[in-house]
Amino acid sequence: MKKLIIYALLAFILSLINYYTNFSFFIAKSLLYIANPVETQSFYALDSISNIAKNYIILQKAQKENRHLKNEINKLNLENKILQAKLRNIDISIAPNLIKCPFIFKDFSDINYIYIKSNAPEKDILHKTVVSQKLNLVGTVESKLGNLYAVKTIFNSNFVADCFIVHEGKYYRGIFKGSLNQPKIEFLNTQSHIQKNDLVITSGLIGNIPPNINIGTVEKIYEIRGFYKVAIVKVDKTFLNDSFVFVVK
């Protein structure tokens, strides 16, 4: 009986050490080393205690793993909250970085391109983003033609931009593809909660296009065979009536 009490106390002490030190392997070996010779001395009543100890050690390991997984989940949730906060607080005050450029030539028969003129250094214009007076996305400067710059607009089928659809404070990422008739966002997750009139903005995550520039609004949504969603985007074309645009330096 005394050995039984001593064993139970020792198992309790070792369990405490295991909880506070995480020496699971050492504790398991110690308990089994003590339990085996005691059992061979015909103390069969200790067999159930030995099994309880083994199960307790397994439980401790599982709880340790659960704590680790919970910490990882909490870390990811925190990172997600930080990202969401950053996205909500993106500074839209990009005016100090804008270069005013007049339209020198507008070919309304082909709005895939517009042409602008600027005396700023070429490095500050070429391949930069062009926005309207409303800070809506117009396109990107593709090439220099004499003293003019050709701007590939968002109506160009070759225009691509990484973007977000904003719905009730949440951001759903997709790829915007230009088109004269139906600009759209592809590869949206099927679980994306979006609806008509949701705002579409640039993400700034890929390429040279800055974040948080307005592209347009969602006009229509459909799904591609359950693989991903597509959103048709309504783009504001009024910049074609403006007398100048801005290049984001």
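Anything mentioned here points back to the structure above.
Everything quoted here is computed from the prediction, not taken from an experiment. (Residues numbered from 1 in each chain as written. Predicted model: local features only at pLDDT ≥ 70, side-chain atom pairs only at ≥ 80, totals over all residues. Heavy atoms only, no water.)

Asker: Explanation requested: the pairing of strand β1 (residues 98-105) in the structure shown.
Answerer: One ladder, built from five bridges, connects β1 with strand β12 (residues 244-248); its direction is antiparallel. When the sheet's bridge partners are listed, Leu98 is paired in β12 with Val248. In this structure, β1 lies alongside strand β2 (residues 113-116), joined through two bridges in antiparallel fashion. By the bridge assignment, Phe105 is partnered in β2 with Tyr115. (Pairing = 2+ DSSP bridges. Helix = DSSP H or I, 4+ residues; strand = E, 2+ residues; numbered from the N terminus.)

Asker: I'm lost on the sheet that holds strand β3 (residues 129-131) in this one. Help?
Answerer: The strands making up a sheet associate through hydrogen bonds between their backbones, and the pairing can be parallel or antiparallel. One closed barrel holds the six strands; their spatial order is β1-β2-β5-β4-β3-β12, and the pairing between them is antiparallel. Across this sheet, the average inter-strand angle for adjacent strands is 45°, counted without regard to direction. (Axes fitted to C-alpha atoms, helices over the stretch in contact; angles between N-to-C directions.)

Asker: Just to check I follow, could you spell out the sheet that holds strand β7 (residues 170-177) for this structure?
Answerer: The sheet built from six strands closes into a barrel, its strands ordered β6-β7-β8-β11-β10-β9 with antiparallel pairing. Put simply, the sheet's adjacent strands are angled 45° from each other on average, direction ignored. Two strands pair when backbone bridges link them, and strand β6 (residues 160-167) and β7 are joined in this way by eight bridges, in the antiparallel orientation. Note that in β7 the partner of His167 across the bridge is Lys170.

Asker: Could you clarify how one ought to interpret the nonpolar core in this entry?
Answerer: Generally speaking, nonpolar side chains in soluble globular proteins are found buried as a group. Core analysis: the largest hydrophobic core is formed by 42 residues, its most contacted members being Ile114, Ile116, Val141, Ile165, Phe176, Ile185 and Val200. Ranked by the residues each element gives to this core, the list is headed by β12, at five residues. For Ile114, the residues in contact, after removing those within four places along its chain, are Phe103, Val138, Tyr149, Ala150, Val151, Thr153, Phe239 and Leu240. (Core = buried A, V, L, I, M, F, W, Y, C linked by side-chain atoms within 4.5 Å. Buried < 20%, exposed > 50% of the residue type's maximum accessible area, 1.4 Å probe, protein only. Contact = heavy atoms within 4.5 Å.)

Asker: What am I meant to see in unusual backbone geometry here?
Answerer: Most peptide bonds take the trans configuration, and most residues that are not glycine carry a negative phi. The phi torsion at Glu168 lies on the positive side, around 50°, for a residue other than glycine. Secondary-structure assignment places Glu168 in the loop between β6 and β7. A positive phi angle is found at Arg225, which is not glycine, with a value near 50°. For Arg225, the position within the fold is in the loop between β10 (214-224) and β11 (228-234). Its relative accessible area of 75% is what places Arg225 among the exposed residues.

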